[in-house]
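Fold and contact review
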Amino acid sequence: EAGVTQFPSHSVIEKGQTVTLRCDPISGHDNLYWYRRVMGKEIKFLLHFVKESKQDESGMPNNRFLAERTGGTYSTLKVQPAELEDSGVYFCASSGRAVHNEQFFGPGTRLTVL
Amino acid sequence: AQKITQTQPGMFVQEKEAVTLDCTYDTSDPSYGLFWYKQPSSGEMIFLIYQGSYDQQNATEGRYSLNFQKARKSANLVISASQLGDSAMYFCAMREARNTDKLIFGTGTRLQVFP
């Protein structure tokens, strides 16, 4: 079974540009999460989808961030316009019917804003 | 406020020895779950072990065990018989029952296993 995949693995953009990150969850997982780790700090929750609906977006930092999940499958996270403080590693996770409802993480997208 | 603290930024252990990675947490929710994840250099975070707040026994999964001390609000990960492949970042995380499904993470501990 394929794990959570994320694209791209790395992205380097200039301040003011737009970047879109993509996440493909494990097939059949209704729950999809986005997290972010900024330079040496803890990993922080951004938002949670259940199928195509946003269940919790309390962690989204501001309105420059827009997350979508088309048809309850893959998800995109768009940052527009990007700022220097947006640099970090963006993780996607999904969960389904595991015993402890544990979340399975992708390898992350490393975003660098110059 | 809910919080996870990992006070060891880095740890070293010799192959075949046991090592304990510390994790303390803070929550007012009586129902919560604690998770440990491993992040090797490849970047993907791998789920290792889970402990529920109402579980009577400490969780174990192969060489991993969780030393759960509820009164002290600690959930230390014990890795027995360390292997070179255990070298990685280790994150402790908490999920509160009242707080949807989001995980709250600590800053992580980098473990290095040497021969």
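Quick summary incoming for the structure in this document.

Turning our eyes to something else, we now look at the overall build of chain A. Within chain A, the secondary structure is distributed over zero helices and eleven strands. Reading the helices (α) and strands (β) of chain A from amino to carboxyl end gives β-β-β-β-β-β-β-β-β-β-β. Expected size for 114 residues packed as a compact globule is a radius of gyration near 13 Å; at 13 Å, chain A falls within 12% of this value. Based on the C-alpha atoms only, the size of chain A along its principal axes is roughly 40 × 25 × 20 Å. Relative to its full complement of 114 residues, chain A shows a buried share of 49%. Residue pairs in contact within chain A that sit at least 24 positions apart in sequence constitute 51% of those at least 6 positions apart. When the accessible surface of chain A is totalled, it reaches about 5700 Å², and 49% of it is carbon and sulfur. Within chain A, the 13 negative side-chain charges are centred at a point lying 3 Å from the centre of the 13 positive side-chain charges.

This part takes up the interface of chain B and chain A. Residue-level contacts link 19 residues of chain B with 19 residues of chain A. For the pair chain B and chain A, the two sides together bury roughly 1700 Å², of which 57% comes from carbon and sulfur. If you look at where chain B meets chain A, you find zero salt bridges. At the junction of chain B and chain A, the tally comes to seven residue pairs in polar contact (both at pLDDT 80 or more). Of the residues contributing to the side of chain B that touches chain A, the split by class is nine nonpolar, six polar and four charged.

A separate point is the state of the cysteines. Put plainly, two cysteines are in a disulfide when a covalent bond ties their sulfur atoms together. Residues and elements named next belong to chain A. Within this structure, the stated rule accounts for two disulfides over all chains. Note on cysteine connectivity: Cys23 is disulfide-linked to Cys92, with sulfurs 1.8 Å apart. The sign of the S-S torsion, about -60°, decides the handedness of the disulfide formed by Cys23 and Cys92: left-handed. Here Cys92 lies in strand β9 (residues 88-95) and Cys23 lies in strand β3 (residues 19-24), a separation of 69 residues in the sequence. Note on accessibility: Cys23 and Cys92 belong to one class, buried.

Turning our eyes to something else, we now look at the pattern of salt bridges. Residues and elements named next belong to chain A. Under the counting rule described, the total for this entry stands at eight salt bridges over all chains. For Lys44, the salt bridge goes to Glu42, with nearest N and O atoms at 4.0 Å. Given the relative accessible area of 27%, Glu42 is considered partly exposed. Between Lys54 and Glu57 there is a salt bridge, with the nearest N and O atoms lying 3.9 Å from each other. Here Glu57 falls in the partly exposed class, since its relative accessible area comes to 43%. One continuous salt-bridge network, built from bridges that share partners, spans Arg36, Arg64 and Asp86.

Criteria and thresholds
Residues numbered from 1 in each chain as written. Chains lettered and ligands numbered in written order. Predicted model: local features only at pLDDT ≥ 70, side-chain atom pairs only at ≥ 80, totals over all residues. Heavy atoms only, no water. Helix = DSSP H or I, 4+ residues; strand = E, 2+ residues; numbered from the N terminus. Rg over C-alpha atoms; globule rule 2.2 N^0.38 Å. Buried < 20%, exposed > 50% of the residue type's maximum accessible area, 1.4 Å probe, protein only. Contact = heavy atoms within 4.5 Å. Areas by Shrake-Rupley, 256 points an atom, 1.4 Å probe, with all protein chains shown as cover. Lys, Arg positive; Asp, Glu negative; His and termini not counted. Charge placed at Lys NZ, Arg CZ, Asp CG, Glu CD. Buried area = accessible area lost by both parts, 1.4 Å probe. Salt bridge = Lys/Arg side-chain N within 4 Å of Asp/Glu carboxyl O. Polar contact = N/O pair within 3.5 Å; in protein donor to acceptor, adjacent residues only side chain to side chain. Nonpolar A, V, L, I, M, F, W, Y, C, P; charged D, E, K, R; others polar. Disulfide = S-S within 2.5 Å.

These results come straight from atomic positions and should not be treated as a statement about function.
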